[in-house]
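The chain contents come next:
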Amino acid sequence: MSKRSYADFTSKDTALVSQILEHAEDLLKAAKALKKELETFRDTNEPNDKVISVLKGHNKKILSATQVLTQDESGVVGQQEDASNKIQKLGNDSKGLRHAPTALFIPPPVSLTRWTPEDIPKSGLPPLPPVLDPLLEQAALTHSGMTAKPTDMSYERLEWIGDAYLYLMSTSFIYQTFSNLSAGRCSQLRERLIKNETLSNYTIQYGINKRTKFPAEFDLHGRIGGSQASQNAKKKVLGDVFESYVAAAILGDSDGLQRVSSWIKPLWSATLAHEIREESRVQPSLVHDYSTKNGSNDDSQKTTKQDLNPKVLLSQVIGAKGVKISYSDMGEPKKDKHTKLPWYTVGVFFEGFGEKDLQLGIGSALSKKEAGANAARSALENKSLIKRLQKKKEESLESAKLAESTQQEYDNWS
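Residues numbered from 1 in each chain as written. Predicted model: local features only at pLDDT ≥ 70, side-chain atom pairs only at ≥ 80, totals over all residues. Heavy atoms only, no water.

Q: Can you walk me through the overall build of the chain in this structure?
A: A tally of regular secondary structure across the chain gives 14 helices and four strands. Taking all 414 residues of the chain together, the buried fraction comes to 36%. Across the chain, contacts joining residues at least 24 apart in sequence account for 69% of those joining residues at least 6 apart. (Helix = DSSP H or I, 4+ residues; strand = E, 2+ residues; numbered from the N terminus. Buried < 20%, exposed > 50% of the residue type's maximum accessible area, 1.4 Å probe, protein only. Contact = heavy atoms within 4.5 Å.)

Here's what the structure looks like:
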């Protein structure tokens, strides 16, 4: 086996310094280009859209150049640790992963918006974003027991970072989309998105498991069989691999977070497709229509619009003296197929204006309170029925006013 001479190392060090100088020059050019373009706005009193656009355009180049220099720093640190070995055998060390970076690159923030039915893929999976840093990609798919040196990067620490990003993104999407959902219910939806079963399925569907470098006992390449315990352990590792891949894709370049969030949004929307479609069915126009047609004053209209509570709105729309609106369980609760928790079904019933036990709507959810709200929402969406009851309410109010007027006239006459 051939050996590398001291001259080989000296030549390599010189090339590395030249490379760092080139990267530093790229950073200076990017900064000078930004300064030159900003000079045209020197007399501007305050930042405007054009200034913001210039900053965004140049900052991407500056962040990219800075990241490259950070990688250069990591490479130099790695070489210094081996500097005492001037002559080495060519072996596995030359193929090993780089050491963990001395500084963690944090991507710029992105705006995460609510899900809509348009985000749900019509077929297949959204394209998997590539990891633009080859060393991070290799680390994300490699077990620590398969690295050349104990100090080389592996999937474990990247998985820890990816877990945090997935937690934050899922929380943000759910918060933006389901504005009236309780915190507990939001947590249940988030659990469906980030649990091992979901993430491990993504790993297999994208074939990421076939690219991994793990000890044979993990068996991530798809062999059939094994005990339930081994299957559960495999599911956990496959979920961790997905998290490490996400971290590598985010940290691999300055636009990583934007690319990953744009990909994970439709991917997750398929998992919560039913809930997203149900949420979009509830149109704010219903609240506007009923609150403005109702005979309530301005203050009550404002309260109705702010609360957006279907039960309160239904009561305001068709409620009156002598009217009773009740909510009742519709049979025994079933099991939710996703959470295995009780799934309640509630009906809303109307009594008054000559009607008795008239079913207005029906709703289901993981809690009786939410199921009742869904039942009221269902009733409000039945516009023909609500219109008929509103007409009866108006007739009843007119009759009451006429009777009151007649009584007043009689009292005055007597």
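Q: What am I meant to see in the pattern of salt bridges here?
A: Any two side chains of opposite charge can pair, given that their charged atoms come close. The tally for this structure, following the rule as stated, stands at 10 salt bridges. For Asp119, the salt bridge is made with Lys265, and the minimal N-O distance between the two is 3.8 Å. Residue Asp119 is located in the loop between helix 2 (49-81) and helix 3 (134-140), and its partner Lys265 is located in helix 8 (residues 256-271); the two are separated by 146 residues in the primary sequence. Here Arg211 and Glu137 are joined by a salt bridge, their closest N and O atoms 2.5 Å apart. Taken as a pair, Arg211 in the loop between helix 6 (196-205) and helix 7 (228-251) and Glu137 in helix 3 lie far apart in primary sequence, 74 residues in all. Owing to a relative accessible area of 37%, Arg211 belongs among the partly exposed residues under this scheme. Ionic contacts of the salt-bridge type, sharing partners, join the residues Glu355, Arg388 and Lys392 into one network. (Salt bridge = Lys/Arg side-chain N within 4 Å of Asp/Glu carboxyl O.)

Q: What is the right way to read the packing of helix 4 (residues 155-177) against helix 5 (residues 183-194) from this model?
A: Two quantities define a packed helix pair, namely the angle between the helix axes and the distance between the axes. Their axes nearest at 10 Å, the elements helix 4 and helix 5 cross at an angle of 135°. Relative to helix 5, the element helix 4 is oriented oblique. When the axes of helix 4 and helix 5 are compared, the crossing they make is right-handed. Of the residues in helix 5, those in contact with Leu166, Tyr167, Ser170, Thr171 and Ile174 of helix 4 are Cys186, Leu189, Arg190, Leu193 and Ile194. Residues belonging to the contact of helix 4 with helix 5 are distributed by class as follows: seven nonpolar, two polar and one charged. (Axes fitted to C-alpha atoms, helices over the stretch in contact; angles between N-to-C directions. Parallel < 35°, antiparallel > 145°, perpendicular 65-115°, else oblique. Left-handed = near helix turned anticlockwise from the far one by under 90°. Nonpolar A, V, L, I, M, F, W, Y, C, P; charged D, E, K, R; others polar.)

Q: For this particular structure, what's the right way to read the side chain of Arg192?
A: Here Arg192 is to be found in helix 5. In this structure the side chain of Arg192 is engaged in a polar contact, spanning 2.7 Å, whose partner is the side chain of Glu275. With residues near it in sequence (within four places) discarded, Arg192 still touches Thr198, Thr271, Leu272, Glu275, His338 and Thr339. (Polar contact = N/O pair within 3.5 Å; in protein donor to acceptor, adjacent residues only side chain to side chain.)

Q: Would you take a moment to explain the packing of aromatic side chains for this structure?
A: Between two aromatic rings, the relevant description is the distance of the centres plus the angle of the planes. According to the stated counting rule, one finds seven aromatic pairs in the structure shown. With a centroid separation of 5.4 Å and 45° between ring planes, the pair formed by Tyr202 and Phe242 is classed as tilted. On the criterion of sequence distance, the pair formed by Tyr202 in helix 6 and Phe242 in helix 7 is long-range, its members being 40 residues apart. Ring plane angle 40° and centroid distance 5.7 Å describe the contact between Phe242 and Trp263, whose orientation is recorded as tilted. Pair noted here: Phe242 is in helix 7 and Trp263 is in helix 8, with a separation of 21 residues, a long-range link. (Phe/Tyr/Trp six-rings, centres within 6.5 Å; stacked < 30°, edge-to-face > 60°.)

Q: Sorry if this is basic, but what is going on with unusual backbone geometry here?
A: Keep in mind that most residues, glycine aside, have a negative phi and that most peptide bonds are trans. Residues other than glycine seldom take positive phi values, yet Phe353 does so here, at roughly 55°. Along the chain, the position of Phe353 falls in the loop between strand 3 (342-352) and strand 4 (355-365). Phi is positive for Asp357, close to 55°, though the residue is something other than glycine. Relative to the elements of secondary structure, Asp357 occurs in strand 4. With a relative accessible area of 55%, Asp357 lands in the exposed category.

Q: I tried to follow the packing of helix 4 against helix 8 on my own but got confused; where do I start?
A: One way to put it is that helix 4 packs onto helix 8 with a least axis distance of 11 Å and a crossing angle of 60°. Between helix 4 and helix 8, the angle is such that the two are oblique. Crossing angle aside, the handedness with which helix 4 passes helix 8 is right-handed. Contacts between helix 4 and helix 8 pair Tyr165, Leu166, Met169, Ser170 and Phe173 from the former with Leu257, Val260, Ser261, Ile264, Lys265 and Trp268 from the latter. Each residue belonging to the contact of helix 4 with helix 8 can be placed in one class, and the counts come to eight nonpolar, two polar and one charged.

Q: Any chance you could explain the nonpolar core here in plain terms?
A: For soluble globular proteins, nonpolar side chains are generally found buried alongside one another. Ranked by internal contacts, the top residues of the largest apolar core, which has 48 residues, are Trp115, Leu166, Met169, Phe242, Ile264 and Trp268. Those elements that provide at least two residues to this core are helix 3, helix 4, helix 5, helix 6, helix 7, helix 8 and helix 9 (273-281). In terms of residue count, the dominant contributor to this core is helix 7 (11 residues). Residues within four places of Phe242 in sequence aside, it is in contact with Leu166, Leu199, Tyr202, Thr203, Ile208, Trp263, Ile264 and Leu267. In this structure, Leu314, Ile318, Leu385 and Ile386 belong to the second largest nonpolar core, which totals 16 residues. (Core = buried A, V, L, I, M, F, W, Y, C linked by side-chain atoms within 4.5 Å.)

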